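# Structural overview for review
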Amino acid sequence: MKNIYKLSFLMLFSLAALYSCQEDDQEFGEVAAPTNLTLDATVLNTSDEFPNGDGSGLVSFTASADDVITFEYRFDDGTSSTTPSGEITHPFTRTGTNTYNVTVIAKGTGGASSSTTKEVTVFTSFDDPVAKMGLTGANQAYLDGTEGPYAGAEGDSIPTKVWRIADAMPGHLSLGPAESTEPIWYSAAPFEKEGGCFYDDRISFALNLDGDIIFEHDNNGQTFFNTNYLNVGGGTNGTGDECFDFDTSGEKSVSLAAANSIFPEDATTGTQMIISDGGFMSYYLGTNNGYEILEITDDYLYIRTISGANPAEAWYLKLTAEGDSAFETEFPGDSEEEAAWSQEFEGSSLDTSIWNYEIGNGDNGWGNGEAQYYTDQNTEVSNGTLKINAIAEPTNGYNYSSARITTQDNFEFQYGRIEVRAKLPSAGGTWPAIWMLGENFDTVSWPNCGEIDIMEHVGNDLGEVLGTLHFPGNFGGSAVSQGTTVENVATEFHKYTMEWTEDHIVFLVDGEVYHEFTNMTGTPFVDREFFLILNVAMGGTLGGTIDPAFTQDTMEIDYVRVYQ
């Protein structure tokens, strides 16, 4: 009797579960597979001479069906793509004339689908050695097989370069219409996504012994998902971009192909990257459309892709090469070559043909609420160094005196490596700075002229040194700034260095990089000369509270040198 009872109960439970499932299915509507599915393929750029295409590898596909929601294309080169319209242009990258099987799956209601497969024969001869070298760090000798492992040299590692999101650059993530060449809808400010997982990703491209590009993505355990793909990471779509745990491990391959571009020739390389097996560039967009390379240099990569969820959206990403500064050997150091310009302070007085004294307290303490009055009496040149002395003494209605000197109209320069060897004050309330302003300061004012703070320090935060950039949209409390700790900052001399090129500005202390800014058109750092400023302020917005026991402190400069 017990077995009969158990069997009856199980049958009733199963019937109830079946009825429940049927009810749930009814809630999602009728299950209907698409019908009348067709697939047409057109090889682009054909001619009598090149019936299978001119080598670009581009093929245009059009699928249609009745009662369809969306189409998924699966290509036997390992890539796939989804499009509601059924229209897509796909680049095939295998060199030579090859025949491919292309399957399109038409998806209908209730998860039902229909599929069809078509063969397409296409000729591909596309290659972009510049992109290969830029992505992987290979040189032409590697590509030619005359150097490194290609030439059979044992122990040589294959070229590899690591990239990360260029978080300091405006527009490192941006959005615009797919039919437009400008990201007019949205542009991220520098460090806008700080605190999440977006800036933690590291992407490496390597060139293996067969000349293939290998892709690896280290997301440190979490990926930054677009709001339309939160369900992939375990969230609810449409609630805003978010970080989720996600596995990006494993090697993938990258194919280079001709981009089906809307850009003029001078605004794109004409090449796109296609990453196998669902690989993506840091930001999860569900894209299978490839990443068009708009610009690539040794340490800068600007790419564009179409959103997988919305073909009307184009997303842009800017990346920078990871690792040591690319400019540490571009400009020689003080021991390697004579500087193009220098101040060694070997005499007994300041050279006023080079240095100007700025007198007074400025407007509202030079705009910072500073407590000192600058004079032409607070500098001293002796024993091979310049001393700028801040002193507690009544001066023109202020309680402190100090000095601020500039090279404006006497020495101005664009691009190079500037190195200043200095010992800093330590008293609470001191605010020494080694910095630069654009030469057009008098005509366009600050921040339009641009400001480069090579070194700023405050005695109230002893040992914390800042490198900072001010420019329109990023100035004052929103400036692009980074700090580092310097031991014995007030008792020993240290080298404060800024390397400046058209593409980058890099800040170093004692030869160690701690802040790098990717320069760009539109900032004041690419189209003008700058002049130098040395000063010690007291108090103010950054200097803070002045020690009541303060009497005097000094910034001592051994030399100022510019290498170009």
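Residues numbered from 1 in each chain as written. Predicted model: local features only at pLDDT ≥ 70, side-chain atom pairs only at ≥ 80, totals over all residues. Heavy atoms only, no water.

## Quick notes on the side chain of Glu 456
When you line up the elements, Glu 456 lands in strand S31 (residues 451-457). Look at Glu 456: it is buried, it has no salt bridge, and the nearest opposite charge is Arg 404 at 9.5 Å. Looking at Glu 456, its side chain comes within polar contact range of the side chain of Trp 431, at 3.1 Å. In this view, Glu 456 contacts Trp 431, Pro 432, Ala 433, Glu 464, Val 465, Leu 466, Thr 468 and Leu 542; residues no more than four positions away in its chain are not counted. (Helix = DSSP H or I, 4+ residues; strand = E, 2+ residues; numbered from the N terminus. Buried < 20%, exposed > 50% of the residue type's maximum accessible area, 1.4 Å probe, protein only. Lys, Arg positive; Asp, Glu negative; His and termini not counted. Salt bridge = Lys/Arg side-chain N within 4 Å of Asp/Glu carboxyl O. Polar contact = N/O pair within 3.5 Å; in protein donor to acceptor, adjacent residues only side chain to side chain. Contact = heavy atoms within 4.5 Å.)

## So, the environment of Tyr 284
Checked against the element boundaries, Tyr 284 lands in strand S17 (residues 283-284). On the basis of relative accessible area, Tyr 284 is assigned to the buried category, the value being 15%. Spatially, the C-alpha atom of Tyr 284 lies 9.4 Å from that of Val 232, the residues being 52 residues apart in sequence. For Tyr 284, the contacting residues outside a window of four places in its chain are Thr 223, Phe 224, Phe 225, Asn 226, Tyr 229, Val 232 and Phe 246.

## A word on the state of the cysteines
A full pass over the atoms with the stated rule returns one disulfide. At a sulfur-sulfur separation of 2.1 Å, the disulfide partner of Cys 197 is Cys 243. Handedness of the Cys 197-Cys 243 disulfide follows from its S-S torsion of about -100°: it is left-handed. Of the two residues, Cys 197 is situated in the loop between strand S10 (186-187) and strand S11 (202-207) and Cys 243 in strand S14 (residues 242-245); the sequence distance between them amounts to 46 residues. Judged by its relative accessible area of 3%, Cys 197 is buried. (Disulfide = S-S within 2.5 Å.)

## Section: the nonpolar core
The biggest cluster of nonpolar side chains holds 64 residues, and the ones touching the most others in it are Ile 434, Ile 452, Tyr 496 and Ile 557. Take this core: its biggest share by element is five residues, from strand S37 (residues 530-538). Sequence-distant contacts of Ile 557, that is, excluding residues within four places in its chain, are made with Phe 345, Thr 385, Leu 386, Val 420, Arg 421, Ala 422, Ile 434 and Leu 534. Counting 40 residues, the second largest nonpolar core, distinct from the first, contains Ala 138, Ile 165, Tyr 199 and Val 254. (Core = buried A, V, L, I, M, F, W, Y, C linked by side-chain atoms within 4.5 Å.)

## A short note on the packing of aromatic side chains
Any pair of aromatic rings gets described here by the distance separating the centres and the angle formed by the planes. Under the criterion given, the structure shown has 37 aromatic pairs. Here the aromatic residues Trp 341, Phe 411, Phe 413, Tyr 415, Phe 471, Trp 500, Phe 517, Phe 525 and Phe 530 are joined through ring pairs into a cluster of three or more. One cation-aromatic arrangement involves Lys 318 over Tyr 302; the distance from NZ or CZ to the ring centre is 5.3 Å. In this structure, Arg 561 packs its charged tip against the face of Tyr 559, placed 3.5 Å from the ring centre. (Phe/Tyr/Trp six-rings, centres within 6.5 Å; stacked < 30°, edge-to-face > 60°. Lys NZ or Arg CZ within 6 Å of the ring centre and 35° of its normal.)

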